[in-house]
Amino acid sequence: PKSVYHVLGGWAGKQLNEECKMMKKTGKLLALVLALALMTQVFAGCKAKTEETPAPTPETATNEPVQEEKPEEPATEEPEPETVVVTDHAGREVEIPSPSKIEKVYFTSPLGMIFVYTLVPDKLAGAPMQFSEQELKYLHPSVKELKNLGGMQAGSELNREELIASGAQVIFSIGPNKIDETSVSDADTLQEQTNIPVIVVNGSMEEVSASYKLLGEIFGMEEEAKQLSDYCDNVFKNVVEKVKDIP
């Protein structure tokens, strides 16, 4: 197909030819000059409108190196400290191993064992009581192998020597009664005697959520602790609702 330049060039040539004939007939030189000017303007104008900048070829492309984006380096996690300081429910600040460093713990009452057992049944250093065969059917098989180290409630006696030898890294003092000066004094004394940090936890039914929250933080199991506390709260509320009208 003919390009725009051929079409316009042919048209301008015809115009020039017509003007030349007119010049011969009329003898006017001005007509020729006007025809030449017209042809020049047509070529110049059309070229400016239709000419496009050619795409760069490999020879004309720049040789500047392409800057490759470097992948972002993953953020480095800070190593977990060996120990952390927690504030127990008696307001005592106690230094204990970090969650991932805790392997064995103990408790001074059966209630304390229930709280800890429901979260970390594999971290028990002993048992505060002797379980019957019937009771063991409903407990983790590892409980059967635990030594009875005794406790500090309900007339029980704690075997401190066996407790120290058990490898327990933390002791939980958890009882159903309100925390008082005696609770704090007993915890401080036990901690001095065994050189094992003692955490006082409020084990009353009204404070189950707070108890599990603290234990979840200590063991690094906040989500599991919340599920247990929510379940206990719902059961407690249902029981209270059902017995509120019973004299």
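I will try to describe carefully the structure that is included in this document.

So, how was this worked out
- Residues numbered from 1 in each chain as written.
- Predicted model: local features only at pLDDT ≥ 70, side-chain atom pairs only at ≥ 80, totals over all residues.
- Heavy atoms only, no water.
- Helix = DSSP H or I, 4+ residues; strand = E, 2+ residues; numbered from the N terminus.
- Buried < 20%, exposed > 50% of the residue type's maximum accessible area, 1.4 Å probe, protein only.
- Contact = heavy atoms within 4.5 Å.
- Areas by Shrake-Rupley, 256 points an atom, 1.4 Å probe, with all protein chains shown as cover.
- Pairing = 2+ DSSP bridges.
- Axes fitted to C-alpha atoms, helices over the stretch in contact; angles between N-to-C directions.
- Parallel < 35°, antiparallel > 145°, perpendicular 65-115°, else oblique.
- Left-handed = near helix turned anticlockwise from the far one by under 90°.
- Nonpolar A, V, L, I, M, F, W, Y, C, P; charged D, E, K, R; others polar.
- Salt bridge = Lys/Arg side-chain N within 4 Å of Asp/Glu carboxyl O.
- Phe/Tyr/Trp six-rings, centres within 6.5 Å; stacked < 30°, edge-to-face > 60°.

1. A short note on the overall build of the protein
Stage number 1. Of the regular secondary structure elements, the protein holds eight helices and five strands.
Stage number 2. Its helices and strands taken in sequence order, the protein reads α-α-β-β-β-α-α-α-β-α-β-α-α from the N to the C terminus.
Stage number 3. With 247 residues in all, the protein has 28% of them scored as buried.
Stage number 4. Sequence-distant contacts in the protein: of pairs separated by 6 or more residues, those separated by 24 or more amount to 55%.
Stage number 5. Accessible surface, the protein as shown: approximately 17,400 Å² in total, 55% of it carbon and sulfur.

2. Remarks on the sheet that holds strand 5 (residues 198-202)
Stage number 1. Strands sit in the order 3-4-5 across an open sheet of three strands; the sheet is parallel. Looking at which strands have only one partner, the edges of the open sheet turn out to be strand 3 (105-107) and strand 5. Within this sheet the neighbouring strands show an average axis-to-axis angle of 25 degrees, counted without direction.
Stage number 2. Pairing geometry for strand 3 and strand 4 (residues 170-175), over three bridges, is parallel. What sits directly across from tyrosine 106, in strand 4, is isoleucine 171.
Stage number 3. Each of strand 3 and strand 4 is contacted by helix 3 (residues 110-119), which is oriented at about 115 degrees to strand 4, the strand it contacts most.

3. Some details on the packing of helix 3 against helix 7 (residues 208-219)
Stage number 1. Direction vectors running N to C along helix 3 and helix 7 enclose 50 degrees, while the axes themselves pass 11 Å from each other. As summarised for this structure, helix 3 and helix 7 are arranged oblique, according to the angle between their axes. In the crossing of helix 3 with helix 7, the sense of the turn from one axis to the other is right-handed. Residues Phe115, Val116, Thr118 and Leu119 of helix 3 lie in contact with helix 7, whose contacting residues are Ser211, Tyr212, Leu215, Gly216 and Phe219.
Stage number 2. Here the contact of helix 3 with helix 7 is composed, by residue class, of six nonpolar, three polar and no charged.

4. Brief notes about the side chain of serine 173
Stage number 1. On the secondary structure map, serine 173 appears in strand 4.
Stage number 2. The contact partners of serine 173, leaving out residues within four places of it in the chain, are Thr108, Val198, Ile199, Val200 and Val201.

5. Looking at the pattern of salt bridges
Stage number 1. Scanning the model with the defined rule gives seven salt bridges in all.
Stage number 2. Across the salt bridge formed by arginine 92 and aspartate 88, the nearest N and O atoms sit 2.6 Å from each other.
Stage number 3. You can call arginine 92 buried: its relative accessible area is 11%.
Stage number 4. Aspartate 88 sits in the buried class, given a relative accessible area of 4%.
Stage number 5. When salt bridges with common partners are traced through the structure, they connect Asp88, Arg92 and Asp188 into a single cluster.

6. Thoughts on the environment of leucine 215
Stage number 1. Counting through the fold element by element, leucine 215 comes out in helix 7.
Stage number 2. Residue classification places leucine 215 among the buried positions, given a relative accessible area of 0%.
Stage number 3. On a C-alpha basis, the gap between leucine 215 and isoleucine 199 in space is 9.7 Å, while along the polypeptide they are 16 residues apart.
Stage number 4. Residues within four places of leucine 215 in sequence aside, it is in contact with Phe115, Leu119 and Phe172.

7. Some words on the packing of aromatic side chains
Stage number 1. With the rule as written, the count across this model stands at three aromatic pairs.
Stage number 2. Relative to phenylalanine 219, the ring of phenylalanine 172 has its centre 5.8 Å away and its plane inclined at 45 degrees; by these criteria the two rings are tilted. Residue phenylalanine 172 is located in strand 4, and its partner phenylalanine 219 is located in helix 7; the two are separated by 47 residues in the primary sequence. Of the two residues, phenylalanine 172 and phenylalanine 219, both sit in the buried class.

Taken by themselves, the reported measurements are silent on function.
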